[in-house]
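Coordinate inspection notes
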Amino acid sequence: MSGVIDPSSLSNLNEVATKHIHMNWTIAFDQKKIGGHVLLDIVTLVPNVSKVILDTSYLDLKNVSLNGQDLEYTVAERHLSLGSALTATLPEPIANAGTAFQLKVEYSTTDKCTGVQYLEPEQTVGKKHPYLFSQCQAIHARSMLPCMDSPSNKLTYSASVTSPLPVVMSALLSSTDENADSTKTYHFKQATTIPSYLIAIAAGNLAGREIGPRSTVWCEPEVVEQAAWEFDDTERFIATGESLLTPYEWGRYDLLVLPPSFPYGGMENPCLTFVTPTLLAGDKSAVDVVAHEIAHSWMGNLVTTSNWEHFWLNEGWTVFIERKIAARLHGEAERQFSSIIGWKALKESVELFGQDSPATVLKPDLSSGIDPDDYFSSIPYEKGFNLLYHIEKVVGGPSVFEPYMKAHVERFANKSITTEDWLAHIHEYMEVNHGKETLEKLKTIDFDLWINSPGMPPVDPNFDTSLADACYNLASRWDQARNSDDLSQFSPSDIAEFSSTQKIVFLERLTDCEPLPHNLLEKMDELYKMSPIRNADIRFRWEQICVMASYEKIYPSVIEFITQQGRMKFVRPLYRYLYNAKNGAQLAQDTFLKHKNFYHPIASQLIAKDINLKQ
Ligand code: BES
Ligand code: ZN
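Counting starts from 1 at the beginning of each chain's written sequence and moves along it residue by residue. To label them, take the chains in the order written and letter them from A, then take the ligands in the order written and number them from 1. Only residues with pLDDT of at least 70 get local features here, since the model is predicted, and only at 80 or more are side-chain atom pairs given and counted; chain-wide, interface and lining totals rely on the full set of residues. To get the side-chain values, take all heavy atoms of the structure and skip hydrogens and water.

Our next topic: the UniProt feature "binding site: Zn(2+)" (unreviewed entry) in the chain. UniProt positions are given in the numbering used here, feature names are shortened, and annotations may be inferred rather than shown by experiment. UniProt records the feature "binding site: Zn(2+)" (unreviewed entry) for His 292, His 296 and Glu 315 in the present numbering. Annotated residues spanning 24 residues; largest pairwise C-alpha distance 9.1 Å, indicating a single compact cluster. Strands are runs of DSSP state E lasting at least two residues, helices are runs of H or I lasting at least four, and both sets are numbered from the N terminus onward. Relative to the helices and strands, His 296 is located in the loop between α3 (288-295) and β21 (303-305). A residue is classified by how much of its surface remains accessible, and His 296, at 0% relative accessible area, is buried. Here a residue-residue contact requires only that any non-hydrogen atoms of the pair lie within 4.5 Å. In this view, His 296 contacts Glu 268, Asn 301, Leu 302, Asn 314, Glu 315 and Thr 318; residues no more than four positions away in its chain are not counted. Along the chain, Glu 315 turns up in helix α4 (residues 311-330). By relative accessible area, Glu 315 is classed as buried at 2%. Those residues in contact with Glu 315 that lie beyond four places of it in its chain are Gln 137, Glu 268, His 292, His 296, Pro 380 and Tyr 381. A 3.5 Å cut-off defines polar contacts: any pair of N or O atoms within that distance qualifies, except that in protein one atom must be a possible hydrogen donor and the other a possible acceptor, and neighbouring residues in sequence count only when both atoms are side-chain atoms. At a separation of 3.0 Å, a polar atom in the side chain of Glu 315 contacts the side chain of His 296. Relative accessibility under 20% of the residue-type maximum defines a buried residue, over 50% an exposed one, and the middle range a partly exposed one, all with a 1.4 Å probe and only protein chains included.

Moving on to the domain arrangement of the chain. What fixes the domain bounds is an automatic or database domain assignment. Segmenting the chain into domains produces domain 1 (1-110 + 135-197), domain 2 (206-297), domain 3 (305-452) and domain 4 (469-610). Using only C-alpha atoms to locate each centre, domain 2 and domain 4 end up separated by 27 Å. Taken together, the 13 residues of domain 2 in the interface contact 13 residues of domain 4. Here domain 2 and domain 4 share an interface that buries about 990 Å² over both sides, 58% of which is from carbon and sulfur atoms. As used here, buried area is the combined drop in accessible area, with a 1.4 Å probe, of two parts when they are placed together. Its largest share of buried area at the contact with domain 4, domain 2 owes to Ser 261, Pro 263 and Thr 278, together 49% of the area lost on that side. Basic side-chain nitrogens of Lys or Arg form a salt bridge, by our definition, when they fall within 4 Å of a carboxyl oxygen of Asp or Glu. Here domain 2 is connected to domain 4 by zero salt bridges. On the surface where domain 2 and domain 4 come into contact, there are five residue pairs in polar contact (both at pLDDT 80 or more). Under the scheme applied, nonpolar residues are Ala, Val, Leu, Ile, Met, Phe, Trp, Tyr, Cys and Pro; charged residues are Asp, Glu, Lys and Arg; polar residues are all the others, including Gly. A breakdown of the residues in the side of domain 2 that touches domain 4 according to their chemical character gives seven nonpolar, five polar and one charged.

Turning our attention to the side chain of Ser 9. Topologically, Ser 9 is positioned in the segment before β1 (16-28). A residue is classified by how much of its surface remains accessible, and Ser 9, at 10% relative accessible area, is buried. A distance of 2.7 Å separates a polar atom in the side chain of Ser 9 from a polar atom in the side chain of Asp 55.

See the structure below:
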């Protein structure tokens with residue numbers, strides 16, 4: 001075993017572990033701050049521990065104490081991406097391993113904290129109340145609370161949060177108190193051990209609507225009706241996850257639809273998945289994101305990566321389960337189709353970083369203190385998925401692999417694991433349950449190549465293209481029409497039978513061709529009515545094709561799209577394409593600077609880098 005438990009944490013993980021955190025917070029919307037204290041229940045792992053080192057990032061620290069006695073502490077100079085180590089010296093070294101004690105840290109957040117975004121009333125749907133929400137994955141929990149911010153350390157938590165507006169957290173609500181000043185105090189408990197990146201909070205004008213036996217959708221009252229309809233399939237996804245794996249652990253599975261600046265599609269905060277409002281497509285075409293976040297209830301939230309180098313264990317496994325759920329509900333062709341979309345996303349990520357880039361390795365090296373956000377891409381998702389898909393084929397298909405998935409969860413539930421732990425277990429499992437012959441099949445796979453080499457996976461998956469063929473054919477007809485004056489072969493009926501996903505795949509295919517001439521884009525828009533489509537995934541691909549062709553007529557719509565929602569999947573590439581398009585560079589930079597405060601701090605940092613602006 002190597003000495004470093006987590007290259008992305010500055011805390012002394014080798015000496016102590018945190019077992020439970022209690023947060024006592026007051027939300028001050030007017031000051032854009034969360035203030036109060038945390039109580040950390042810590043246990044020593046080795047003899048003679050003399051200090052506790054916690055991760056912090058831009059926190060305003062007030063005091064550290066142990067049993068009412070103030071401790072000496074220092075805050076180290078900031079590491080560029082990892083934040084500032086807070087070292088608290090214990091009154092005397094603790095002699096024995098296994099000794100428990102409780103640290104109290106009084107502090108408040110500041111306006112530099114990247115894990116929490118505060119929204120002005122104008123940035124919400126209702127425009128009357130402020131709003132705040134957190135996003136702690138990967139290493140932003142340290143900017144909300146001092147903690148050992150590593151997924152190798154799993155803990156339970158409780159919280160008492162005082163706020164003038166309703167509060168939700170990634171936990172179960174146990175009770176609410178009314179205070180004299182018209183605020184309320186909300187008490188929460190998360191009784192299953194979780195890594196710090198799954199601590200989450202949101203507060204604002206929230207309304208809830210029941211959508212299933214263990215599910216409520218939360219959002220601003222204006223969109224609650226639409227959200228309840230769109231996420232109607234939630235219980236079916238959970239039940240399918242349970243039939244594939246183990247009973248759902250977390251009691252409730254609620255959804256929170258965030259304001260438009262939420263930077264991700266979804267975030268698997270336990271008991272309460274956070275999702276972007278761009279999923280409200282009006283046709284349930286984006287609910288695969290919900291299936292994905294539900295799959296994290298096992299892969300990631302129960303079986304957790306031990307640090308961000310093994311992030312693929314969270315996301316690759318989750319994509320694999322998400323697509324198993326899709327196959328159970330909609331058939332194998334659907335799984336193959338979404339795998340094709342995933343492969344395209346993987347190709348784009350590899351092209352963007354470059355095929356020799358260390359960022360394209362399944363298990364990247366983060367030891368130099370790289371910010372995990374800088375390596376975020378489809379690679380851990382899709383290379384990870386493809387590795388599992390390949391193994392499934394090699395060892396004998398679903399009848400062998402599906403029972404193994406369950407055994408994987410049972411073996412590692414409530415633990416944090418590395419790629420090596422996973423590898424050892426799958427080898428052992430196949431030998432014990434399917435004998436030497438299956439073990440030999442497994443051993444034909446060059447795991448080292450899959451796990452440690454850059455670029456595309458070493459094996460071509462050959463997905464079944466039955467749902468994609470019509471999309472490919474149509475795309476190639478448009479591609480070839482660039483040399484002819486006669487566009488009469490095209491008509492609205494070309495796509496009349498296409499699902500939303502098929503429209504996406506048709507457009508994706510065109511992004512692989514030379515930019516289309518403007519008269520073709522004009523014709524396509526006229527016939528297929530692309531520009532008015534509000535489904536965000538379709539709009540994204542359509543606008544991408546247009547911007548890549550420097551079709552300037554589309555620019556106003558692109559600007560509207562990238563300033564009305566802040567989901568990085570759409571916003572980052574569109575900024576990049578615009579920046580590289582004719583008459584686009586200045587427009588991209590000016591637009592970003594004008595709307596910078598709209599974006600979540602994480603998105604804002606990354607977009608600025610993408611379009612060559614120094615923050
Ligand atoms: N856990 C991720 C989001 C994430 C990853 C946030 C790393 C911060 C750091 C979430 O489960 C996710 O993968 N979301 C995807 C959706 C999905 C369907 C691939 C997204 O946001 O696009
Ligand atoms: Zn995920």
